[in-house]
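So the chains spell out like this:
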Amino acid sequence: MDRDDQRRYFIVGSVIMEIVTPVFRQRLETDYKSKGLGCLQDFINSKPVVHILFHLRYRNIKCCADSTNCRNRGTLPLNYSQWDLLYTENPGPPNQPNHLCHCLYTTNNVKLDDLDITLASLILLNCCNLTPNEETLIKELRKFKNNYLSHNTKGAITEKEFQTLWKDLTTYVLQLDPSKQDDFIRIKNRPLDESLCNKYYVCLLDIHKKLEDIDTSIQNIRITTSDIRSTSTEILSTMNINSIELNAKLEELIRIQTNTHAEQVQPDTPYLLGQSIATLRHERDIQLKVEDDWRAEVSDLVVMDDGRMVICLPFLSKLLICNTVGPSTDSIYVLDEPLRATAVNNFIVAVTLICSNHIEVYDINNQFKLKSISVPKMIKWSDITISNQKLVVSGQDCLVVIDYQTGEVVQTLKTDCCPVRLQASGDRIFYLSNNNFENNKKLYQYSFTDDRHQTLALPSPPIMITAQEDGSLYILCREGFIHHLTVDCKLLITVIKEGLESLDSFVDLHYNCKQRKLVISSHNSKIKIFREM
C-alpha cells in the first residue's frame, strides 16, 4: 500500500473521528439541554425518544401507549448492537406473554462518548429539532463517511480523490461549526500515525456489511476452532487488509457468524449436568398469526442468529418468518410442503420437503428462493442440518453431505439405520433411527474427525435432539422427559427444572447459541421460548 495514500486516509478518518463526531455529540447535547434534560440518559429515556427509536428497530408493531404515533418503516436503520447499547428489555405482563412495546424497555447508563458518528447522527435526524440546513449537512456527512471510509477496505485514498473530497468535507463541517477551521489545518498537516490509523480504520469500517459481502468466501472455508485464525487471515487477504486490530475484530465476528457451524467452544464454566439452563420467556400460538387456520401445524423451525424464527408450516405450503417476540413479519410461499429447515447463515435457510428429494434454499431477507438442489440419494421426509459449511440430509441407510453452493454431493456416509432426525454439534452429526418408535433406544453419532460411527443406549427411544453452547445435548425421549448428555457422551441425567420437567412427545427442541434461547415447538402450533439464565 502506498504510504501517502494511507496517510490521506488517516487525515480524512481523523476529521471524522476528531471533529465530526464531537460536533454531532455537542449538537445532541445542546438539543436535550434546551429541553431541560441534564444528560443523554435522561433524553434517551424520555417517552417520545424511546418510542421513535423503538420503531427504528422493530417493524409491524402497535404499542400499547401512544399507538397513533407508531410508524412502520420500510427499513430498520437502528441495528441490534446499537439498540442493545441504548436499552435493556424488562419482562412483559404475565397475562400478555407476547407483549412487545417500547414500554418494556429501560435505558442503559449511556453517555455521549458511547455514541459513534452513525448512532449520533441517527438520533439527531430522528429525535432532535434541527434546522433544514443542519439536517442536510448531517445527512451529507454521514453519507460522506459511508462513501469514503465505511466501505473503503483498502484503507487508502489517492491524491486525485483527496483533492475532490477535501473541499466538500471542510465545507460541510465548517457550516455546522465554523470554529473548527484551525483543527482542519492541524489535522491536514499531521504525519501518519500507523497505530492510530489502524484504530480509526477498525472504528470506521462497516465490518458487518463487509462480512455479508464476503459471505461466499466464508462458505468455501472449512471453519473449526483450530483454524479460525487462518480463516480470518484468508478473508483479510481477499479484502487487501493488513491490520492487527481489524484482524482481531474479524476473528470475533467470524466466531459469532459461524457459531452454529463451527466446532463448539467450551465455556469457562460448563453447564451443570441436569440443570435447566433456561427460563420460560414467552409462549406463542402461531395459529393466531395465520387467521386461526387449523392447518397451521408446525413441522419444524430454526432460530436465526438475529432472533428471527423461520417456521415450517407444511399444510399451508409456507415458511413463516417472525421474531421470538412480537408479531409475524413475513412469509414465503413454497410450491411443495416444507418439512425441516436449517440456517446456512444469517439470512439464508435450507429446507427439505415432505415428498421430494430436493433441498430448497431461501433468502429470508428478500423472501425468494435462491435455488433448488436435487439429491437423488435423499429420502422423503428427510431431516437437514449443517456442519462445516456443508448441508447434511437423511439418505437410505446413509447420511448425504452436500455443498449447498454447487449442489454437489461431496460425501455419502453409510449408517446402520435410516436416519430421520439430525443434529450437528462441532465435528459430529447425531442422528436417530426411523424405527425409534419401535422401541429403538439408541442415539447414533458420526465423527468427521475420526470417520467413526458410535451408538449410545438411552432410557427411552429418543425423538429429538438439540445442541447446547458447550457441545452437550438436550435429548427429548418418548416418555416426555428431556435428558442432558455431556459432551463426551458418558453421563446422562434428566432435566428437572423450569417448565422442562415433562413434555408431550410430539414436540421439537431448538437452541440458538448466539441468542441463548431454547425454543420448544409442538405440532399444534404452540411455541414456548426460553431464555438462557
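The structure reproduced in this document is the subject of the present report. None of these values were measured; they are calculated from a predicted model.

Across its full length, the protein carries 13 helices and 26 strands. Relative to its full complement of 533 residues, the protein shows a buried share of 54%. When contacts within the protein are restricted to residue pairs at least 6 apart in sequence, those whose partners lie at least 24 apart make up 56%.

Bringing the packing of aromatic side chains into the picture now. Inspection of every chain in the model, using the stated rule, returns twelve aromatic pairs. Ring geometry for Tyr431 and Tyr444: centres 5.3 Å apart, planes at 15°, overall stacked. Residue Tyr431 is located in strand S17 (residues 428-433), and its partner Tyr444 is located in strand S18 (residues 442-447); the two are separated by 13 residues in the primary sequence. By relative accessible area, which is 6% here, Tyr444 ends up buried. Ring-pair connections join several aromatic residues into one group, and the members of that group are Phe54, Trp83, Tyr87 and Tyr105.

Moving on to the environment of Cys477. Checked against the element boundaries, Cys477 lands in strand S21 (residues 473-477). With a relative accessible area of 0%, Cys477 lands in the buried category. Here Cys477 is in contact with Leu458, Ser460, Pro461, Pro462, Ile463 and His483, once residues within four sequence places are set aside.

Read from one edge of the open sheet, four strands run S12-S13-S14-S15, paired in antiparallel fashion. If you trace the sheet from one side to the other, it starts and ends with strand S12 (384-387) and strand S15 (409-414), each paired once. Adjacent strand axes in the sheet meet at a mean angle of 25°, parallel and antiparallel pairs treated alike. Strand direction decides the pairing type here: strand S14 (residues 398-402) and S15, joined by five bridges, are antiparallel. Looking at S15, one finds that Ile402 is bridged to Val409.

With that settled, the discussion passes to the pattern of salt bridges. The full count for this structure, using the stated rule, is 14 salt bridges. Between Arg190 and Glu18 there is a salt bridge; the shortest N-O distance is 2.9 Å. Here Glu18 lies in helix H1 (residues 3-34) and Arg190 lies in the loop between helix H8 (181-188) and helix H9 (194-204), a separation of 172 residues in the sequence. Relative accessible area serves as the criterion here: at 16%, Arg190 is assigned to the buried category. For Asp383, the salt bridge identified is with Arg421, shortest N-O distance 3.0 Å. Remark: Arg421 occurs in strand S16 (residues 419-425) and Asp383 occurs in the loop between strand S11 (368-374) and S12; sequence separation between them is 38 residues. A single salt-bridge network, built from bridges that share partners, covers Glu18, Asp183, Arg186 and Arg190.

To continue, consider the environment of Val15. With respect to the secondary-structure elements, Val15 resides in helix H1. On the basis of relative accessibility, which here comes to 0%, the residue Val15 falls in the buried class. In this structure the C-alpha to C-alpha distance between Val15 and Lys188, which are 173 residues apart in sequence, comes to 8.8 Å.

Before going further, it helps to examine the packing of helix H7 (residues 159-176) against H8. Axis separation between H7 and H8 bottoms out at 10 Å; the angle between their running directions is 150°. Taken together, the axis directions place H7 and H8 in an arrangement best described as roughly antiparallel. By crossing handedness, the relation of H7 to H8 is classed as right-handed. Contacts between H7 and H8 pair Phe162, Trp166, Leu169, Thr170, Val173 and Leu174 from the former with Gln181, Phe184 and Lys188 from the latter.

Taking 1.5 Å per residue as the helical rise, H7 with its 18 residues ought to reach 26 Å, and the 26 Å between its terminal C-alpha atoms agrees with that figure. The sharpest bend along H7 comes to roughly 30°, located at Leu165. Every buried residue belonging to H7 is among Phe162, Leu165, Trp166, Leu169, Thr170, Tyr172 and Val173, and all of these are buried. Where H7 is buried, its residues touch H1, helix H6 (132-150) and H8.

Below, the discussion takes up the sheet that holds strand S10 (residues 358-363). With antiparallel pairing, four strands are arranged side by side in an open sheet as S8-S9-S10-S11. If you trace the sheet from one side to the other, it starts and ends with strand S8 (338-343) and S11, each paired once. Across the sheet, the axes of successive neighbouring strands diverge by a mean angle of 25°, strand direction being ignored. Note: S8 against strand S9 (residues 348-353), five bridges, orientation antiparallel. Its bridge partner being in S9, Pro338 is matched across the sheet by Leu353.

Remark: H1 packs on H9, axes separated minimally by 9 Å, with the N-to-C direction vectors making an angle of 60°. Taken together, the axes of H1 and H9 are oblique relative to one another. Considering only the axes of H1 and H9, their crossing is left-handed. For the pair formed by H1 and H9, the contact residues are Arg3, Gln6, Tyr9, Phe10, Gly13, Ser14, Ile16, Met17 and Glu18 on the first element and Glu194, Leu196, Cys197, Tyr200, Tyr201, Cys203 and Leu204 on the second. Of the residues in the contact of H1 with H9, the class split is ten nonpolar, three polar and three charged.

Conventions adopted
- The residue numbering used here restarts from 1 in each chain and proceeds along that chain's sequence as written.
- The predicted nature of this model means local features are confined to residues of pLDDT at least 70 and side-chain atom pairs, given and counted, to a pLDDT of 80 or more, with totals for whole chains, interfaces and linings taken over all residues.
- Water and hydrogen atoms were dropped before computing side-chain values, which therefore reflect all heavy atoms in the structure.
- A helix here means a DSSP run of H or I that spans at least four residues, while a strand means a run of E at least two residues long, and both kinds are numbered starting from the N terminus.
- Burial here depends on accessible area, computed with a 1.4 Å probe over protein chains only, as a share of the maximum for the residue type. Under 20% is buried, over 50% is exposed, and the range in between is partly exposed.
- Any two residues whose heavy atoms approach within 4.5 Å at even a single point are treated as in contact.
- We call Phe, Tyr and Trp rings a pair once their centres come within 6.5 Å, taking the six-membered ring for Trp, and we label the pair stacked below 30 degrees between planes, edge-to-face above 60, and tilted otherwise.
- By definition, two strands form a pair when at least two bridges between them are found by DSSP.
- Orientation is described by lines fitted to C-alpha atoms, with helices fitted over the stretch in contact, and by angles between N-to-C directions that extend from 0 to 180 degrees.
- Here, a salt bridge means any side-chain nitrogen of Lys or Arg that lies within 4 Å of a carboxyl oxygen of Asp or Glu.
- Oblique is the label for any angle not covered by the other classes, which are roughly parallel (under 35 degrees), roughly antiparallel (over 145) and roughly perpendicular (65 to 115).
- Left-handed is the label given to a crossing in which the near helix is rotated counterclockwise from the far helix by less than a right angle, and right-handed is the label when the rotation is clockwise.
- The span expected for a helix works out to 1.5 Å for each residue beyond the first.
- By definition, a residue's bend is the angle between the axes fitted to the seven residues ending there and the seven starting there.
- Side-chain classes follow a simple rule in which Ala, Val, Leu, Ile, Met, Phe, Trp, Tyr, Cys and Pro form the nonpolar group, Asp, Glu, Lys and Arg form the charged group, and the remainder, Gly included, forms the polar group.

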